[in-house]
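# Chains, contacts and geometry: an overview
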Amino acid sequence: SSDLPSCNEMNRRSKIQLVKYLLYSLLMIILYVLQNDPNFILSSGTGPVLVLPFAVAVAMFDGQLAGGLFGLFAGILCDTSSSVLFGFNSILYLVICTAVGLLVLYFMQPSLINSLIFTGSGFAVRLLLEYFFYYAMWGYENSSQILLRHMLPNLLCTLLVTPLIFLAVRRMHRFFEEKLE
């Protein structure tokens with residue numbers, strides 16, 4: 001009987017989890033606003049996507065359910081400011097982050113290198129799908145310029161900020177894990 005957590009202990013743990021996910025949600029919104037700030041975008045008209053690396057890091061530390069939900073949240077936010085069909089980012093980010101959560105659960109460790117691999121490959125798939133369905137399939141002239149001058153720098157900028165986001169999420173995750181003990 002002493003092995004079972006008390007009602008007060010479960011309440012305390014639930015409150016800590018609630019605060020954690022509210023903080024994550026607030027940070028997701030801040031990152032979204034920052035990624036769409038015209039002053040944050042480079043002179044080439046492109047900048048990093050901040051919400052996907054954040055959702056990937058959450059998936060790595062909090063599992064496939066939290067990762068999938070934050071991936072969906074990130075995708076919905078990106079869909080509101082994107083020129084692609086609404087739901088394109090939502091579905092992709094949901095699948096990417098759920099897969100990341102499962103990969104970390106069964107096969108891999110949450111590490112900075114894995115974060116770069118997951119974010120880079122997931123975002124590259126997203127960009128290539130957009131390129132194929134919105135440009136290449138319709139045979140636009142010089143559509144490769146979009147790939148080289150906009151999408152590739154977008155991917156590289158996103159990869160540059162991924163380590164900072166990963167380390168921040170890892171730190172927050174550890175902080176809340178200590179509070180839960």
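Residues numbered from 1 in each chain as written. Predicted model: local features only at pLDDT ≥ 70, side-chain atom pairs only at ≥ 80, totals over all residues. Heavy atoms only, no water.

## Section: the environment of Phe123
To keep things clear, this is the line we draw: Strands here mean DSSP runs of E at least two residues long; helices mean DSSP runs of H or I at least four residues long; both are numbered from the N terminus.
For Phe123, the location among the structural elements is in helix 4 (residues 112–134). Each C-alpha atom, one on Phe123 and one on Val33, is 19 Å from the other, the two residues being 90 residues apart in sequence.

## Quick notes on the packing of aromatic side chains
Using the following cut-off: A pair of aromatic rings is counted whenever rings of Phe, Tyr or Trp (Trp by its six-membered ring) have centres within 6.5 Å, and the orientation is called stacked for planes under 30 degrees apart, edge-to-face for over 60 and tilted otherwise.
Under the defined criterion, the tally for this structure stands at 10 aromatic pairs. Ring plane angle 75° and centroid distance 5.8 Å describe the contact between Tyr21 and Tyr24, whose orientation is recorded as edge-to-face. Taken together, the positions of Tyr21 and Tyr24, both in helix 1 (residues 7–35) and three residues apart, correspond to about one turn of that helix. Taking the centre distance of 5.2 Å and the plane angle of 80° together, the rings of Phe175 and Phe176 count as edge-to-face. Connected via pairs of aromatic rings, a cluster forms that spans Tyr21, Tyr24, Phe54, Phe70 and Phe73.

## Some details on the side chain of Ser143
Operational definition: Burial classes follow relative accessibility: with a 1.4 Å probe on protein chains only, a residue under 20% of its type's maximum area counts as buried, one over 50% as exposed, and anything between as partly exposed. Throughout, a residue-residue contact means that at least one pair of heavy atoms, one from each residue, lies within 4.5 Å.
Relative to the helices and strands, Ser143 resides in helix 5 (residues 143–180). The class of Ser143 is buried, set by a relative accessible area of 10%. For Ser143, the residues in contact, after removing those within four places along its chain, are Tyr131, Tyr135 and Ala136.

## Comments concerning helix 4
Selection criterion: Expected helix span is taken as 1.5 Å per residue step, with the number of steps being one fewer than the number of residues.
The terminal C-alpha atoms of helix 4 lie 32 Å apart, and with 23 residues this matches the ideal 33 Å at 1.5 Å per residue to within 8%. Elements in contact with the buried residues of helix 4: helix 2 (51–80), helix 3 (88–106) and helix 5.

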